[in-house]
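Okay, here's what each chain looks like letter by letter:
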Amino acid sequence: MAKNKKITLLIKNIGQLVTMQGQVPRRGKDLADIGLIENGAVAVSGDEIVAVGNSDEIAGKVDLAENHTVISAENQVVTPGLIDPHTHPVFAQTREMEFEMRLAGKGYMEIAEAGGGIRSSVRSLREAEPDELYARARKTVNTLMAYGVTSIEAKSGYGLSTEAEIKSLEVIARLNENEAMDLYPTFLGAHEVPDEYRDRHEEYVDLVINEMIPAVAERKLALFCDVFCEDGVFTVDESRRILQAAEKHGMRSKIHADELKSTGGAELAAELGALSADHLVYISPKGIDLLAKANTVAVLLPGTSFALGLNEAAPAREMIDKGVIVSLSTDCNPGSSMTESLPMIISLAALKLKMTAAESLAAVTVNAACAIGRGDTLGRLESGLTADITIWDMKDYRELPYHYGVNMVKMVVKNGKVVVGR
Ligand code: NIG
Ligand code: FE
C-alpha cells in the first residue's frame, strides 16, 4: 500500500468486490475475468485509489485522514464506476410521437426520410438557447449517474451547422465543468445531412471537413469525431474522408457502423484504427475478423434494437469468441434509444446478446474505458487509478442483469467523493 497517504474514504466489509484487475482491454475468455474479491476493501486518498484487497488486511493498516468517511458494504457488491461510451445527451426535444409511429408500423428510416428523425431534432436544437439545452442535458447526465455511471462519451450531432454544433459542444463542456459526471466530447457533425443541404450532399461533406472540423479543433471542443456511416446517410468513402480530416486535427475516430444494414463500417473502423465502432448489428464476417485483430472497441447497443422494436442483434458471442474487444452502451438519444439505464442495457445484453453478467460488467468498465481512450486510468479498481466506484444493493453481481428494470444502485463515488446516495 502507498505509505504516508492519508485515507479519506474507506469502503470495507464488501460482500463482493469486482476489481476488474487484469488485462486491458479484455478479449475472448478474459472478458469474464472480473477480479472478484470476497470480503474486500477499497481505500481512497483524495481522488485516487491507494489500496484494494482483503478487508481485514486493509482496514487494519490504513492511516485515516482527519476528515474521512468509512462505508461498511456487507452483503453489497462494489464495482468500478460504470462508463457509458456512446451517448447523444444534447437535444432540445423528445420524440415520443415517432415511437408511436413505429408502433403503428413505420420504419426508423422511413420516418427519417419524411423529415422526422435526426432532422427534426436539428430543427428544434437550432432554435434552443444554450441554457435550455444545458438544463435538459443536465437531467440526462445526472440520471445516468444515478444508475451507476461515472463517465460518459457525449456526442454533438443535432446541430449540423458550424454554429449549432459548437453550441452543442459548448453545452457538453459546461456540463463537464459543473456536474460530477466526466464527459468525453465527440463531434458528430456527420450525423445526418441537414434540410438546407438535402440536394447538396457533397457540399455538406465539404462543409464538415473544411469548416466544422477546423472550428471545433481550434476551440478544443472535441476529443473524438464520429460519423453515421449508413446507406442513405454517409457512405464509407465520405466517412473515411471526414474521419481522416478529423484525425489530422487530433480527434480520434468513432463510427456508427452497420447499424441498419451491412455497409462496411466495421471494415473502415479497422482500416483507420478507429477508437471504436458502434452498433454493428449487421457486421460482416470479414468485419469481425478485422476487428478481432484491431484495437478498435466494438460498442454494442442492444437498447437501440430493443427500442426500435427490431429483433436483430449484433453477433456478440461470435465477436467475443473471435477476440473482438466488446463494450456496451445506452446510445441514450431521443430517437432510437431513450434510456439512461446502463444496467437495463446489461439485462438486454444478457437476453439478446447472450452475454453473462461478468462479461457485461467488463464491457461497461475496463473495455468502455478503452472506448474513450482512458484504459490506463479508468474502469478498474487498482492502486493509482481514479476513485470512481459504484456500490450496489445486491449480494451477488449476477443479480445485475437478472433483476431488470430496477435501480439497484446504493451509492456512487466520483473522484473519491460520494455523489449519489449520500
Ligand atoms: O445511434 N444512428 C444514428 N444516431 C442515433 C439515433 C439518433 C436519432 O434518431 O436521433 C443512434 O441510433
Ligand atoms: Fe448513436
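Residues numbered from 1 in each chain as written. Chains lettered and ligands numbered in written order. Predicted model: local features only at pLDDT ≥ 70, side-chain atom pairs only at ≥ 80, totals over all residues. Heavy atoms only, no water.

Caption draft 1: Broad picture of the site of ligand 1. As a matter of local geometry, ligand 1 sits amid 16 residues, with Tyr108, Tyr158, His191, Glu259 and Ser336 nearest to it. In the model, an oxygen atom of ligand 1 is placed 2.8 Å from a nitrogen or oxygen of the Arg95 side chain. One of the side-chain N or O atoms of Asp331 is found 2.8 Å from an oxygen atom in ligand 1. For ligand 1, the protein covers 100% of the area, taking 330 Å² as the surface of the free molecule. (Near = heavy atom within 4 Å. Polar contact = N/O pair within 3.5 Å; in protein donor to acceptor, adjacent residues only side chain to side chain. Areas by Shrake-Rupley, 256 points an atom, 1.4 Å probe, with all protein chains shown as cover.)

Caption draft 2: Spotlight on the coordination of the iron ion (ligand 2). Here the iron ion (ligand 2) is held by His86 (NE2), His88 (NE2), His256 (NE2) and Asp331 (OD), and the distances to it run 2.1 to 2.3 Å. Each donor residue of the iron ion (ligand 2) lies on the same chain, and together they follow the pattern H-x1-H-x167-H-x74-D. In this pair, His88 sits in the loop between β6 (82–87) and α2 (96–103) while His256 sits in strand β10 (residues 252–257), placing the two residues 168 residues apart along the sequence. Assigned by exposure class, His88 and His256 land together as buried. (Donors = N, O, S within 2.8 Å, 3.2 Å for Na, K, Ca; no water. Helix = DSSP H or I, 4+ residues; strand = E, 2+ residues; numbered from the N terminus. Buried < 20%, exposed > 50% of the residue type's maximum accessible area, 1.4 Å probe, protein only.)

Caption draft 3: Spatial organisation of the domain arrangement of the chain. Assigned domains within the chain: domain 1 (7–80 + 380–421) and domain 2 (82–371). Once you take the C-alpha centre of each, domain 1 and domain 2 turn out to be 29 Å apart. Across the boundary between the two partners, domain 1 contributes 30 residues, which contact 33 residues of domain 2. Carbon and sulfur atoms supply 71% of the area buried between domain 1 and domain 2, which totals about 2,500 Å² over both sides. In terms of surface lost to domain 2, no three residues of domain 1 exceed Arg27, Leu31 and Lys414, which account for 25% of the buried area on that side. Counting across the interface, domain 1 meets domain 2 through one salt bridge. A salt bridge links Lys414 to Asp182, with the shortest nitrogen-to-oxygen separation between them at 2.8 Å. Contributing elements (two or more residues each) for the side of domain 1 that touches domain 2: β5 (77–80), β14 (389–392), α16 (399–402), β15 (409–414) and β16 (417–420). (Domains from an automatic or database assignment. Contact = heavy atoms within 4.5 Å. Buried area = accessible area lost by both parts, 1.4 Å probe. Salt bridge = Lys/Arg side-chain N within 4 Å of Asp/Glu carboxyl O.)

Caption draft 4: Structural detail: the packing of aromatic side chains. Inspection of the entire model under this criterion finds two aromatic pairs. Through pairs of rings, three or more aromatic residues link up here, namely Tyr197, Tyr204 and Phe234. The side chain of Arg200 reaches across the aromatic face of Tyr197, ending 4.3 Å from its centre. (Phe/Tyr/Trp six-rings, centres within 6.5 Å; stacked < 30°, edge-to-face > 60°. Lys NZ or Arg CZ within 6 Å of the ring centre and 35° of its normal.)

Caption draft 5: Structural view of unusual backbone geometry. Residues Val24 and Pro25 are joined by a peptide bond in cis, for which omega reads -10°. Checked against the element boundaries, Pro25 lands in the loop between β1 (7–18) and β2 (36–45). A positive phi angle is found at Asp331, which is not glycine, with a value near 60°. The topology assignment puts Asp331 in the loop between β13 (325–328) and α13 (342–353).

Caption draft 6: Structural context of the packing of helix α5 (residues 130–146) against helix α6 (residues 162–178). Contact geometry of α5 with α6 gives a least axis separation of 10 Å together with a crossing angle of 55°. With respect to each other, α5 and α6 are oriented oblique. Crossing geometry of α5 relative to α6 is assigned as right-handed. Where α5 approaches α6, its residues Pro130, Asp131, Leu133, Tyr134, Ala137, Arg138 and Val141 are matched on the opposing element by Lys167, Val171, Arg174, Leu175 and Asn178. (Axes fitted to C-alpha atoms, helices over the stretch in contact; angles between N-to-C directions. Parallel < 35°, antiparallel > 145°, perpendicular 65-115°, else oblique. Left-handed = near helix turned anticlockwise from the far one by under 90°.)

Caption draft 7: Just the pattern of salt bridges, in detail. The final tally for this structure, using the stated rule, is 25 salt bridges. Among the salt bridges present, the one from Arg240 reaches Asp237, with a minimum N-O distance of 2.8 Å. One end of the pair is Arg240 and the other is Asp237, both in helix α8 (residues 236–248) and three residues apart, which spans about a single turn. Taking relative accessible area as the criterion, Arg240 reaches 22% and is therefore assigned partly exposed.

Caption draft 8: Spatial organisation of the nonpolar core. Counting 106 residues, the largest nonpolar core has Phe187, Ile242, Leu280, Leu291, Leu300 and Met355 as its most contacted members. Broken down by element, this core gets its largest block of residues, ten residues, from helix α7 (residues 201–218). The residues contacting Phe187, other than those within four sequence positions of it, are Ser156, Glu165, Leu169, Val208, Met212, Ile213, Val216, Ala222, Phe224, Cys225, Asp226 and Met251. Judged by nonpolar contacts, the second largest core, of 16 residues, contains Ile14, Val78, Leu381 and Met411. (Core = buried A, V, L, I, M, F, W, Y, C linked by side-chain atoms within 4.5 Å.)

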